Amino acid sequence: MSTSPHAVNIRNGKKLGDTELVDTMIKDGLWDAFNGYHMGVTAENVATKFQITRNDQDKFAFNSQTKASKAQSENKFKDEIVDFKLKSKANIIGVYGPNGVGKRTFAIELARALLCDRNDDALLEACGHCQACQQVAASTHPDVIHVSRPADKSVIPVELLIGDRDHRMSEGLCHDIALKPYSGRYKIAIIDDVDCLNQEGANCLLKTLEEPPPRSLLILVGTSEQRQLPTIRSRSQIVRFGALSQPQVEQLLMRQQAVESDATAAEIAALANGSIARALLYADPEMMTFRQEWSRELVDFRKTPPHYARVVGDFVDQAGKDASLRRARMKHVFEISAEFYQRCMVSLCGQQAPGGDALQQLIEQMSGRWTGGAEVAAACLERCLEAIEQVDANANQATLLECWIDDLQQLLLRQNALSS
């Protein structure tokens, strides 16, 4: 398929203007001629129509793999399998885990190690001093391509992958990674925020993922492989990151001089849930103060909606007029609320809720007045998580905040979750 040509219909001639080349690999091999869309879309439509869940697909794939492995171990394919060695092997690595645990740092360090001028790439160790290492660290290396979701977008635009309409496949990641390395041994593309690929964007990557160019490496950075299309997951080597330990967060805070004392580092690390990004956020006294004040508001969430809208609005307005900063602050409000209700749910289930002393006291105070059970706390948590997704989807902030406050109060009042 990789040798499929591009074609153009000029049977009747072309007297004036441009014409368009058609990729016959897509047109003849990967395209649904009846409905006019990519075959990857067909797979998703079939799963939706026949109610084939992701669990069903995973179970079927697991059973198929188990049967194939058993048959191969019993030498049932010995007459059909011939060993051979590939001349080169292109890699696709999916790096997944919570936010703020070092996934992007890992991707950059891997690129440095592979492109280091002084050390062999087999060592996977960057010297950190050569020109290539410094260029990768500064995001200026000609053989490293960075793609991420723009701050004002909810998804990664397809133009970053395949170029705009006037430059299809002559610009963008899919074009650039197919070029020969300029100065290094590899061409490396780091796709950050891969969770923000919509179906169109993911399908644009299929050809590159199916047949990556020689000496190329694609590093996909996201929060979960389950949020990716099966066609992307199946072609990736998965590297999973877990949350950092509290001592690791403390050490990173001190190393970056984000706090002044070990005691402050320990206090913040206990609230960070294993994320250095969250820890650095709470290292800002203003953020920590708002977190404490907003947690106290959540203990008795029965004041009028305008009151809560004003509190959140004042906090968001402190970010200025930059839309991305305002959206980040709004998201932070929902994250604080989600953490609060999660800890309440844990406490109501009879377990010790983690967190600092001040937060623990608020949790115990609320648990003593809570009559709705852990189910209501779980419903509030779910609504906060929905709000976080809606912020990422660029929902109108004022409308979102109003609906979120109303939904929480309805959940609490309907179940009489808070006693007087």
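Here's what I pulled together on the structure shown here. In this text the structure is predicted, and so the values were computed from the model without any measurement.

Each value, and the rule that gives it
- Residues numbered from 1 in each chain as written.
- Predicted model: local features only at pLDDT ≥ 70, side-chain atom pairs only at ≥ 80, totals over all residues.
- Heavy atoms only, no water.
- Helix = DSSP H or I, 4+ residues; strand = E, 2+ residues; numbered from the N terminus.
- Buried < 20%, exposed > 50% of the residue type's maximum accessible area, 1.4 Å probe, protein only.
- Lys, Arg positive; Asp, Glu negative; His and termini not counted.
- Salt bridge = Lys/Arg side-chain N within 4 Å of Asp/Glu carboxyl O.
- Contact = heavy atoms within 4.5 Å.
- Core = buried A, V, L, I, M, F, W, Y, C linked by side-chain atoms within 4.5 Å.
- Expected span 1.5 Å × (residues − 1).
- Polar contact = N/O pair within 3.5 Å; in protein donor to acceptor, adjacent residues only side chain to side chain.
- Phe/Tyr/Trp six-rings, centres within 6.5 Å; stacked < 30°, edge-to-face > 60°.
- Lys NZ or Arg CZ within 6 Å of the ring centre and 35° of its normal.
- Patch = residues over 30% accessible without salt bridge, like charges linked within 9 Å, V, L, I, M, F, W, Y side chains within 5 Å.
- Areas by Shrake-Rupley, 256 points an atom, 1.4 Å probe, with all protein chains shown as cover.
- Charge placed at Lys NZ, Arg CZ, Asp CG, Glu CD.
- Pairing = 2+ DSSP bridges.
- Axes fitted to C-alpha atoms, helices over the stretch in contact; angles between N-to-C directions.

**Structural notes on the side chain of Arg 327**
On the secondary structure map, Arg 327 appears in helix H15 (residues 323-348). As a buried residue without a salt bridge, Arg 327 has its nearest oppositely charged side chain in Asp 392, at a separation of 6.1 Å. Leave out the neighbours within four places in its chain, and Arg 327 touches Ala 151, Asp 152, Val 391, Asn 394 and Gln 397.

**A look at the environment of Cys 130**
One can find Cys 130 in the loop between helix H4 (103-115) and helix H5 (131-137). In this structure, the C-alpha to C-alpha distance between Cys 130 and Tyr 96, residues 34 residues apart in sequence, is 29 Å.

**Points about the nonpolar core**
Proteins that are soluble and globular tend to have nonpolar side chains buried together. Grouped together as the largest cluster of nonpolar side chains are 48 residues, with contacts concentrated most on Val 249, Leu 253, Trp 294, Phe 301, Phe 334, Tyr 341 and Trp 404. The next biggest cluster of nonpolar side chains, apart from the first, holds 24 residues, and it includes Ile 162, Cys 174, Ala 189 and Cys 204.

**Looking at the environment of Leu 110**
Within the fold, Leu 110 resides in helix H4. Classification of Leu 110 as buried rests on a relative accessible area of 11%. With 296 residues separating them in the primary sequence, Leu 110 and Asp 406 have C-alpha atoms 46 Å apart.

**Some words on helix H13 (residues 285-299)**
Between its first and last C-alpha atoms H13 spans 22 Å; for 15 residues at 1.5 Å apiece the expected length is 21 Å, and the two agree. For H13, the complete set of buried residues consists of Met 287, Met 288, Phe 290, Arg 291, Trp 294, Ser 295, Glu 297, Leu 298 and Val 299. The N-terminus of H13 is capped by Asp 284, whose side-chain oxygen sits 3.0 Å from the backbone nitrogen of Glu 286.

**Re the packing of aromatic side chains**
Applying the stated criterion to the full structure yields ten aromatic pairs. With centroids separated by 4.8 Å and ring planes inclined at 65°, the aromatic side chains of Phe 334 and Trp 404 adopt a geometry described as edge-to-face. Residue Phe 334 is found in helix H15, and its partner Trp 404 is found in helix H18 (residues 397-414); the two are separated by 70 residues along the sequence. Both residues of the pair, Phe 334 and Trp 404, count as buried. Here a set of aromatic residues connected by ring pairs shows up, and it is made of Phe 290, Trp 294, Phe 301, Tyr 308, Phe 315, Phe 334 and Trp 404. Just above the ring of Tyr 186 sits the side chain of Arg 215; from NZ or CZ to the centre is 4.4 Å. The positively charged end of Arg 329 is found above the aromatic ring belonging to Phe 315, 4.5 Å away from the centroid.

**Some remarks on a negative patch on the surface**
Negative charge collects at one region of the surface, where Asp 18, Glu 159, Asp 164, Asp 166, Glu 171 and Glu 200 lie side by side. Following the sequence through the fold, Glu 200 ends up in helix H8 (residues 199-210). Judged by its relative accessible area of 47%, Glu 200 falls in the partly exposed class.

**Re unusual backbone geometry**
With a phi close to 55°, Gln 257 is a non-glycine residue in the positive phi region. Here Gln 257 lies in the loop between helix H10 (246-255) and helix H11 (262-271). Of note in this structure, Asn 273 is not a glycine but carries a positive phi near 55°. With relative accessibility at 40%, the residue Asn 273 sits in the partly exposed group.

**As for the pattern of salt bridges**
Taken as a whole, this structure holds 19 salt bridges when the rule is applied. With a shortest N-O distance of 2.6 Å, Asp 192 and Arg 104 are connected by a salt bridge. Residue Asp 192 is located in the loop between strand S7 (187-191) and H8, and its partner Arg 104 is located in helix H4; the two are separated by 88 residues in the primary sequence. Classification of Asp 192 as buried rests on a relative accessible area of 15%. The partner of Asp 195 in a salt bridge is Arg 227, with the nearest N and O atoms 3.7 Å apart. One end of the pair, Asp 195, is in the loop between S7 and H8; the other, Arg 227, is in the loop between strand S8 (216-222) and helix H9 (230-233), with 32 residues separating them in the sequence.

**Considerations on the sheet that holds strand S6 (residues 144-147)**
Ordered by their spatial adjacency, five strands build an open sheet running S6-S7-S8-S5-S9, and the pairing between neighbours is parallel. Of all strands in the sheet, those bounded by a partner on one side alone are S6 and strand S9 (237-240). Strand-to-strand twist of the sheet, defined as the mean angle between neighbouring strand axes without regard to direction, takes the value 15°. Docked against the sheet, H4 engages strand S5 (91-96), S6, S7 and S8, running at close to 170° with respect to S8.

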